[in-house]
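These are the residues of each chain, in order.
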Amino acid sequence: MNQTAEKTNLLGMSLPMLQAYFQSMGEKPFRAVQVMKWIHQRGVTEFTAMTDISHSLQQKLQLVAEVKPPKIVEEFLAADGCYKWIVEVASGSRVETVFIPEADRGTLCISSQAGCTLDCSFCATGKQGFNSNLTAAEIIGQLWWANHRLGGFAPPRPHAGKTTRAVSNVVMMGMGEPLLNFDNVMASLSLMMEDNAYGLSKRRVTISTAGVVPAIDRLKDFTDASLAVSLHAPNDELRNQIVPVNRKYPIRELLRSVADYMASLPDKRVPVIEYTLISGVNDHKHLAHELAALLREFPCKINLIPFNPFAQSDYRRPSNNAVNNFRQILQEAGYTVTVRTTRGDDIGAACGQLVGEVADQTRRSERYRRAAADAQAVVPGSNRTFTSADNLAISVDSAQRSI
Ligand code: SAH
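So, here is what we can say about the structure in this document. (Residues numbered from 1 in each chain as written. Predicted model: local features only at pLDDT ≥ 70, side-chain atom pairs only at ≥ 80, totals over all residues.)

### Observations regarding the nonpolar core
Moving on, step 1. The biggest cluster of nonpolar side chains holds 101 residues, and the ones touching the most others in it are Leu143 and Val170.
Moving on, step 2. Considering every element that reaches this core, the biggest residue donor is helix H5 (residues 136–149), with eight residues.
Moving on, step 3. Two domains share this core, each providing at least three of its residues, namely domain 1 (8–66) and domain 2 (71–402).
Moving on, step 4. Each residue touching Val170, except ones within four places of it in the same chain, is listed here: Leu108, Ile110, Leu143, Met192, Leu200 and Val205. (Core = buried A, V, L, I, M, F, W, Y, C linked by C-beta atoms within 7 Å. Buried ≥ 20, exposed ≤ 12 C-beta atoms within 10 Å, placed from the backbone. Helix = DSSP H or I, 4+ residues; strand = E, 2+ residues; numbered from the N terminus. Domains from an automatic or database assignment. Contact = placed C-beta atoms within 7 Å.)

Below is the structure:
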């Protein structure tokens, strides 16, 4: 490679990829472990600062490679300690990352795509249309950045003691559908759980999916991370309306694939069933009973997420009473149920409201804008469009606490 050619970004490479890279340079594979520790445990991006690597290899790497985290364009800190970062990705779009500190853990909510193709009816990201898959460097770069900002890296010298990491849990619940960006998400998950990188427990790394069945079926060959499934309805008729991907992969197939994945794991773990409660749409008591019946043979925990309203949606958040009734029915049926509470309100954040600034390729955002403009002709004052103040998604659920 000559000096004008683009350099290879090592940030998003899993250990096998990095080993193959060093081998292709004629270097020993253990160099990959050394470099990986510098990048992901000490936060070092300059090869010249990697002091246990020979000067000549440092020089060689400088010519052909780089460690390049994505660009962070804005940071917000909420009164309750939540952080939100706006991340600019190579395609020019902006996505969001959120850190949610709690007494006994710190959860990072990571984005996997700029926009989303799935267009779930209650999700702000879907209304933005779709722009691009994030690269593995852009995905793991969100965890790298959170550690960088929150003092999670060890001191920059070899053999230094362990540092307590601020981020103990990762949830792939930011913008996008992680299983539609499969390879890059898998490489990132492997770095999250790699002892020579972030070393997070597989119980503390969660993929959240709207139900891309063929990808769930492949999952066991690539990862043993934990799984959350966005169900939101107990029957296909209703789910087809709010989660359109259900028309392709109906509930029965979805639960079958999730059960297969869970059965493939060496330890005993159950998936989390996510259920966003939308007033008058899927929060009726009879649907709670139907959900309890649907999941009777399906070991799981249930996480109820009261809908967080956003500008381009007519949906409403259910009353506390409705949420409690729904929860009680499920609890009485024997399920472990948690209700997600919203955090970080003062930085314009609530779960599922991830917007970013997506350069839409699908023209979906234009369609929604037109529909909103039409609606405004009828309902004055409903002309708000997305801004980054409408952003993201800081929610905490106690389900993960026990994971
Ligand atoms: N595509 C993945 C991950 C992104 S959404 C998935 O579907 O699981 C992460 C979670 O946020 C999902 O469970 C989704 O139901 C929830 N969510 C999205 N929009 C929401 C909103 N407006 N209010 C409450 N929860 C929402």
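### Regarding the packing of helix H1 (residues 15–24) against helix H2 (residues 30–41)
Moving on, step 1. Packing of H1 against H2 brings their axes to within 8 Å, and their N-to-C directions diverge by 125°. It follows that H1 is oblique to H2 by the angle criterion. When the axes of H1 and H2 are compared, the crossing they make is right-handed. Contacts between H1 and H2 involve Leu15, Leu18, Gln19 and Phe22 from the former and Arg31, Ala32, Val35 and Met36 from the latter.
Moving on, step 2. Among the residues making up the contact of H1 with H2, the classes are represented as six nonpolar, one polar and one charged. (Axes fitted to C-alpha atoms, helices over the stretch in contact; angles between N-to-C directions. Parallel < 35°, antiparallel > 145°, perpendicular 65-115°, else oblique. Left-handed = near helix turned anticlockwise from the far one by under 90°. Nonpolar A, V, L, I, M, F, W, Y, C, P; charged D, E, K, R; others polar.)

### Observations regarding the packing of H5 against helix H6 (residues 182–193)
Moving on, step 1. The geometry of H5 relative to H6 is characterised by a closest axis approach of 8 Å and an angle of 35° between their N-to-C directions. Of the two possible hands of crossing, H5 and H6 adopt the one that is right-handed. For the pair formed by H5 and H6, the contact residues are Ala136, Ile139, Ile140 and Leu143 on the first element and Asn184, Val185, Ala187, Ser188, Leu191 and Met192 on the second.
Moving on, step 2. In terms of residue class, the contact of H5 with H6 is made up of eight nonpolar, two polar and no charged.

### Here we look at the environment of Thr336
Moving on, step 1. Here Thr336 lies in strand S14 (residues 336–339).
Moving on, step 2. Sequence separation of Thr336 and Asn303 is 33 residues, and the distance between their C-alpha atoms is 8.5 Å.

### Here we look at the environment of Cys300
Moving on, step 1. Tracing the sequence through the fold places Cys300 in the loop between helix H10 (285–294) and strand S13 (301–306).
Moving on, step 2. If sequence neighbours within four positions are ignored, Cys300 has contacts with Val270, Pro271, Val272, Ile273 and Leu295.

### Things to note about H2
Moving on, step 1. Compared with the 16 Å implied by 1.5 Å per residue over 12 residues, the 16 Å span of H2 between its first and last C-alpha is a close match.
Moving on, step 2. Where H2 is concerned, the buried positions are Arg31, Ala32, Val35, Met36, Trp38, Ile39, His40 and Gln41.
Moving on, step 3. Of the residues trailing H2, Gly43 is marked for its positive phi of about 70°. (Expected span 1.5 Å × (residues − 1).)

### Things to note about unusual backbone geometry
Moving on, step 1. Positive phi outside glycine occurs at Asp119, with the angle close to 55°.
Moving on, step 2. Judged by C-beta crowding, with 20 C-beta atoms within 10 Å, Asp119 ranks as buried.
Moving on, step 3. One non-glycine residue, His232, lies in the positive phi region at around 70°.
Moving on, step 4. Residue classification places His232 among the buried residues on the basis of 27 C-beta atoms within 10 Å.

### Side note on the pairing of strand S11 (residues 226–230)
Moving on, step 1. In terms of residue burial, S11 counts as a mostly covered element, since five of its five residues are buried.
Moving on, step 2. On S11, burial covers both faces: Ser226, Ala228 and Ser230 on one face and Leu227 and Val229 on the other are all buried.
Moving on, step 3. Pairing between strand S10 (residues 205–209) and S11: four bridges, direction parallel. By the bridge assignment for S11, Thr209 is matched with Val229.
Moving on, step 4. Pairing of S11 with strand S12 (residues 272–277), which is carried by three bridges, proceeds in the parallel orientation. Counted as the bridge partner of Val229 is Ile273 from S12. (Pairing = 2+ DSSP bridges.)

### Observations concerning helix H9 (residues 251–264)
Moving on, step 1. A rise of 1.5 Å per residue sets the reference length of H9, with its 14 residues, at 20 Å; its end C-alpha atoms lie 20 Å apart and thus fit the reference within 8%.
Moving on, step 2. Looking only at H9, the buried set comprises Leu254, Leu255, Ser257, Val258 and Tyr261. An end-on view of H9 places all buried positions within 160° of arc, on one side of the element. When the buried face of H9 is taken as reference, the exposed residues oriented beyond 90 degrees from it are Arg252, Ala263 and Ser264.
Moving on, step 3. Of the surrounding elements, those touching the buried residues of H9 are helix H7 (213–219) and S11. (Arc of directions from axis to C-beta.)

### A look at the sheet that holds S14
Moving on, step 1. The mixed open sheet is built from 10 strands, whose spatial order is S3-S4-S5-S6-S9-S10-S11-S12-S13-S14. Of all the strands in the sheet, the pair left with one neighbour each is strand S3 (71–77) and S14. Mean inter-strand twist for the sheet, computed between neighbouring axes without regard to direction, equals 20°.
Moving on, step 2. Sheet analysis places S3 next to strand S4 (residues 83–88), joined by six bridges and oriented antiparallel. Considered in S4, the bridge of Glu75 is made with Trp85.
Moving on, step 3. Along the sheet, H5 contacts S3, S4, strand S5 (94–101), strand S6 (106–109) and strand S9 (169–172); its crossing angle with S5, the most-contacted strand, is approximately 45°.

### Here we look at the environment of Met25
Moving on, step 1. The residue Met25 is located in the loop between H1 and H2 in this model.
Moving on, step 2. Given 14 C-beta atoms within a 10 Å radius, Met25 is considered partly exposed.
Moving on, step 3. Sequence spacing of Met25 and Leu57 is 32 residues, and the spatial spacing of their C-alpha atoms is 9.9 Å.

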